[in-house]
Protein chains: 2
Amino acid sequence: MKDVVEKMRPLFYPRSVAIVGASDSPTKFGFWRLKCLLDFDYKGAVYPVNPRLAGKEVLGLKCYGSVLDIPDEVDLAYMDVDARTALNVLRECGKKGVKAAVIFAGGFSEVGDEGKKMEDELRAIARETGMVIVGPNCIGVTNLYAGLCTFALDLKRLGLRPPRPGKISLIAQSGTLAQNFLLLSTVRGFYSSKIVSTGNEAVTTLTEVLEYLIEDPDTRVIAMYVEAVRNGKKFIELCKSTTKPLVALKAGRSEAGKSAARSHTAAIAGSADVWNAVCRQAGIIQANSFEELYELSMALASPLRPKGNRVAIVSVMGGAAVIASDACEEQGLRVPRLTEESVKRLREILPPVASVTNPVDITGSIIRDVNMFREALEVVCQDPCIDMVIAMPPAVRVPLLMSISRAVVDASRRYGKPIVMAWALPFDVNVQEFKEVTRILSEGEVPYCYMPEKAAKMLSALLTQAMLEKRKAKGS
Amino acid sequence: MKDVVEKMRPLFYPRSVAIVGASDSPTKFGFWRLKCLLDFDYKGAVYPVNPRLAGKEVLGLKCYGSVLDIPDEVDLAYMDVDARTALNVLRECGKKGVKAAVIFAGGFSEVGDEGKKMEDELRAIARETGMVIVGPNCIGVTNLYAGLCTFALDLKRLGLRPPRPGKISLIAQSGTLAQNFLLLSTVRGFYSSKIVSTGNEAVTTLTEVLEYLIEDPDTRVIAMYVEAVRNGKKFIELCKSTTKPLVALKAGRSEAGKSAARSHTAAIAGSADVWNAVCRQAGIIQANSFEELYELSMALASPLRPKGNRVAIVSVMGGAAVIASDACEEQGLRVPRLTEESVKRLREILPPVASVTNPVDITGSIIRDVNMFREALEVVCQDPCIDMVIAMPPAVRVPLLMSISRAVVDASRRYGKPIVMAWALPFDVNVQEFKEVTRILSEGEVPYCYMPEKAAKMLSALLTQAMLEKRKAKGS
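Residues numbered from 1 in each chain as written. Chains lettered and ligands numbered in written order. Predicted model: local features only at pLDDT ≥ 70, side-chain atom pairs only at ≥ 80, totals over all residues.

Draft legend 1. Quick look at the overall build of chain A. A count of helical and extended segments in chain A gives 16 helices and 19 strands. The globule rule puts the C-alpha radius of gyration for 476 residues at 23 Å, and the 25 Å found for chain A is close to it. Counting only C-alpha atoms and orienting by the principal axes, one finds that chain A spans roughly 80 × 45 × 40 Å. Burial analysis of chain A (476 residues in total) assigns 62% to the buried set. Residue pairs in contact within chain A that sit at least 24 positions apart in sequence constitute 75% of those at least 6 positions apart. (Helix = DSSP H or I, 4+ residues; strand = E, 2+ residues; numbered from the N terminus. Rg over C-alpha atoms; globule rule 2.2 N^0.38 Å. Buried ≥ 20, exposed ≤ 12 C-beta atoms within 10 Å, placed from the backbone. Contact = placed C-beta atoms within 7 Å.)

Draft legend 2. Just the interface of chain A and chain B, in detail. Counting residues at the interface gives 70 residues for chain A and 70 residues for chain B. Those elements that place two or more of their residues in the side of chain A that touches chain B are helix H5 (175-188), helix H8 (255-265), helix H10 (290-300), helix H11 (318-330) and helix H15 (431-443) of chain A. Broken down by element, the side of chain A that touches chain B gets its largest block of residues, eleven residues, from H11 of chain A.

Draft legend 3. Spotlight on the relation of the copies chain A and chain B. When chain A is brought onto chain B, the operation consists of a screw motion whose angular component is 180 degrees and whose axial shift is 0.0 Å, with 0.0 Å RMSD remaining. One copy is carried onto the other by what is essentially a two-fold rotation axis. Taking C-alpha positions as the reference, the residue of chain A nearest the rotation axis is Asp 428 of chain A, at 2.1 Å. An overlap of 100% is found between the interface residues of chain A and their copies at the interface of chain B, pointing to a shared contact surface. (Least-squares fit on C-alpha atoms with pLDDT ≥ 70 in both.)

Draft legend 4. Highlighting the sheet that holds strand E2 (residues 45-49) of chain A. Residue and element names in this part refer to chain A. Sheet architecture is open: five strands sit in the order E2-E1-E5-E6-E7, paired in parallel fashion. Bordering the open sheet on either side are E2 and strand E7 (132-134), each of which pairs with just one other strand. Strand-to-strand twist of the sheet, defined as the mean angle between neighbouring strand axes without regard to direction, takes the value 15 degrees. Relative to strand E5 (residues 76-79), strand E1 (residues 16-20) runs parallel, the two sharing four bridges. Residue pairing in the sheet places Ile 19 in a bridge with Tyr 78 of E5. With respect to the sheet, helix H1 (residues 3-12) is in contact with E5, strand E6 (100-103) and E7, its orientation differing from that of E7 by roughly 55 degrees. (Pairing = 2+ DSSP bridges. Axes fitted to C-alpha atoms, helices over the stretch in contact; angles between N-to-C directions.)

Draft legend 5. Geometry of the sheet that holds strand E9 (residues 148-149) of chain A. Residues and elements named next belong to chain A. Spatial strand order, E9-E8-E11-E10-E12-E13-E14: seven strands in an open sheet with mixed pairing. Only two strands of the sheet have a single partner each, and these edge strands are E9 and strand E14 (285-287). Sheet topology places strand E12 (residues 221-226) next to strand E13 (residues 246-250); five bridges connect them, and they run parallel. Across the sheet, Val 226 pairs through a bridge with Lys 250, a residue of E13.

Draft legend 6. A look at the pairing of strand E18 (residues 419-422) of chain B. Residue and element names in this part refer to chain B. Of the two faces of E18, the one carrying Ile 419 and Met 421 and the one carrying Val 420 and Ala 422 are both buried. Both strand E17 (residues 388-392) and E18 contribute to a ladder of three bridges, which runs parallel. Paired with Ala 391 across the strands is Met 421, a residue of E18. On the question of chirality, the crossover connecting E17 to the parallel E18 by way of helix H14 (residues 398-415) is right-handed. (Right-handed = clockwise from strand over helix to strand, strands pointing away.)

Draft legend 7. Up close: the environment of Gln 173 of chain B. Within the secondary structure, Gln 173 of chain B is located in the loop between strand E10 (168-172) and helix H5 (175-188). In this structure, the C-alpha to C-alpha distance between Gln 173 of chain B and Ala 267 of chain B, residues 94 residues apart in sequence, is 9.1 Å. Excluding residues that lie within four positions of it along the chain, Gln 173 of chain B makes contacts with Gly 319 of chain A together with Thr 198, Leu 206, Tyr 225, Val 226, Glu 227, Thr 265 and Ala 267 of chain B.

Draft legend 8. View of the domain arrangement of chain A. All names here are of chain A. Here the domain parsing of chain A yields domain 1 (3-300) and domain 2 (311-473). Taking only C-alpha atoms, the centre of domain 1 and the centre of domain 2 are 37 Å apart. Listed as interface residues are 14 residues of domain 1 and, on the opposing side, 18 residues of domain 2. Looking at the side of domain 1 that touches domain 2, the element that brings in the most residues is H10, giving six residues. In terms of residue class, the side of domain 1 that touches domain 2 is built from seven nonpolar, three polar and four charged. (Domains from an automatic or database assignment. Nonpolar A, V, L, I, M, F, W, Y, C, P; charged D, E, K, R; others polar.)

Draft legend 9. Representation of the confidence of the model for chain A in the model. Chain-level pLDDT for chain A is 93 on average; 99% of the residues reach the 70-or-more range. Here the prediction assigns the complex a pTM of 0.94, and the interface score ipTM is 0.91. (pLDDT = per-residue confidence, 0-100.)

Draft legend 10. View of helix H14 (residues 398-415) of chain A. All names here are of chain A. For H14, with 18 residues, the first-to-last C-alpha span of 25 Å sits near the 26 Å given by 1.5 Å per residue. All of the buried residues along H14 are Val 398, Leu 401, Ile 404, Ser 405, Ala 407, Val 408, Ala 411 and Ser 412. Where H14 is buried, its residues meet helix H13 (371-382), strand E17 (388-392), strand E18 (419-422) and H15. One or two steps after H14, the chain reaches Gly 416, where phi turns positive at roughly 65 degrees. (Expected span 1.5 Å × (residues − 1).)

Draft legend 11. Inspection of the environment of Pro 359 of chain B at higher detail. Note on placement: Pro 359 of chain B falls in the loop between helix H12 (340-349) and strand E16 (360-361). Once the C-alpha coordinates of Pro 359 of chain B and Ala 321 of chain B are considered, the two residues, 38 residues apart in sequence, prove to be 6.2 Å apart. The residues contacting Pro 359 of chain B, other than those within four sequence positions of it, are Ala 260 of chain A together with Ile 313, Ser 315, Ala 321, Ala 324, Ser 325 and Val 335 of chain B.

Draft legend 12. Spatial organisation of the packing of H14 of chain B against helix H15 (residues 431-443) of chain B. Residue and element names in this part refer to chain B. Between H14 and H15, whose axes approach to 9 Å, the crossing angle comes to 5 degrees. When the interaxial angle is binned, H14 and H15 end up roughly parallel. Contacts between H14 and H15 involve Val 398, Leu 401, Met 402, Ser 405, Arg 406 and Val 409 from the first element and Glu 433, Glu 436, Val 437, Ile 440 and Leu 441 from the second. (Parallel < 35°, antiparallel > 145°, perpendicular 65-115°, else oblique.)

Written out as structure tokens, the structure is:
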């Protein structure tokens, strides 16, 4: 086992956790931090710590006055206290033999010289004690394989249940985006594995977490929200060493963004050109927005890879098929003619108003017989001129959509060609009914999105990844 | 009153409607067409027509065997029958003196020579009778000011109520996108006015509908989904003649897309370069995706216009503020320093961990006192260096989000500077709770979106529109 895996174990798989600053007041993060941990059903021991509440119960757990009072070994300590207090408690943690700590508080290097000094102290403590320290100025670590979540979420209010563990991990130099990624993957059903908000990275950097995730068997895709990479050479080496899909959203590209990144996490963001070169060299796929970061991660979590760039579009919506065609071409994909044989078979299956060229447009006639979609999908998947498929079923007739989702999962399994489903309607329009659809697709490992432009980007990312895997496997 | 308004009246404000092909079977569009009209609470007379059901009741209404049997004047006829039958019934409509008709069926010029002939017949009937004909190969017309909707939606299943009328109108050369635009504007709460799916445009073209919407007092923004403009010169003249915001999504930009457009609505899409030139000349703002078409329409529906390109960002999320800064700069907007005075006031209001430069990052401290957001907003709105604002409240604490929404509406009214709100979390994550938030914003005419990139595009569109309005007012 690699050193990094052993070193990070107390952070991702702690046997016991102390929550310093735990509170019984819902206006405090220390309340939500504890509640969230309990909601996610963490199985290890949990010790609230708060001098004001020593001896009392907080959310049903006995509260201690100090980490030193806890009558048990503590693997991991969460610090829900201000910057100065965090440093003091960290020293106590050192004495106690705590192996890892997460510092949530801001007020360190991102706010000026005084904070910089405190961050130096923090680093000194890490060196002296060997503790793994995440933060400061972060929201910590979620590991759905250990029931661990420090994001202080009120799941019940959001109408959510704790998500099942999935295969997508995220390293984020932003707490909110870490949290929102977790929520998005929970609602859309392609679940997360580990999500780490690294904050100011006083000790543990994005690169170190990356090294861990590359080794992690429960991580199939590594997504990153990056403001600045602090140890670039090692970062590039690591990226080149893995065939796991890497997908990144870079912020701080512009002058205004760089300046904002400096006040956010004290990050010195490099130029966009440099970053683009890093991505090319290291084999990182770039996302252009937060939602795209999630969508491309979902696509790349699919076990299938295309053999070429030829896309078939099967739609019931002519306009959306036109948009999909444009988007494919703009992404460097082709929407080629189908074989004579395929066209002939489609003519037999589909009504006269349908278009049997590529894109195949079944039109609204689909409401008469949903099997037309299944059969058309079979034809294009069997076509030797086709490497992958965009399937666009009707959005507003959910029973049809479900039946088509099952057909898409079947076809994708049978023919091993990547299929992305898009239904041309933002998910918020009918989120309750879409839930059943997304469950079918996500269990069948079929990526999906709502608009055809996104589907084209997802397929394009899959193709890029297929090429990167070949290149990296050759070690070049 | 302009001729076009009088001519189009039977289409948008009919006193009576015949639904030819009305059905009592939910597997038929003729059922949903009728049901949808009743659900939207159309106040005029409705006459189902279907020879098979003559004398019976369909959805509680007496059904007639032919339009000729209806004992009343008929302003508008909907044709839920196949292409050939539609032509026959259209001739009967001519005899009956029907003033307008919508042909839903496909199978006309988009499928080949036989269809082209039928479309010629259709045009001949229009010439002979003077009927206003929409379609074929379309889903018709929605006018929320008349309770009119032909989109055959099952609103109840979608958990929706018929939307209130709003100020955004859409002309779409795609039925699905017309329908989905209505749904999106219903769910997001910045409601629609009139939505027209023009299909093959055998008779009534996009340009003619545009002429009507320019005159329509209930249309503040005109959105368009365009595959091809059939009478370009008139189109450009009309666009130049109006100061109403025009926003368009062009499909059929690529070779694959052009070919798809041909099979979709028989449209001959021109090159992307030509279209870009048309937009510049005519003063049309371009959207890059369907969702963006809606989002920019929402922004442009705001009555406020910025005086310059200087944006203040007020956020509780550092990462999202960095993304917003990048996005502003990439959209040609500036994120300038605030005045010394503003910085001083922000320092007094906000905690030490906050960033008081632009972007202003209140950080998670917001949960201690939501008034900090209101006060920070006041400061940046009063700053003479600031023309508009992106407000980014916390997404997962909805009570805070609501209180901040009210503050944003107040500030926007008081200072007359455009504010766009973005909460960095896709709407589908918490659609129920967001509903109350979007109601507050939409009633306050404050545009919103979920990600900061979108907010920057929305502000940029507002600035472009402000400049277009000046240019057009000068008549240049």
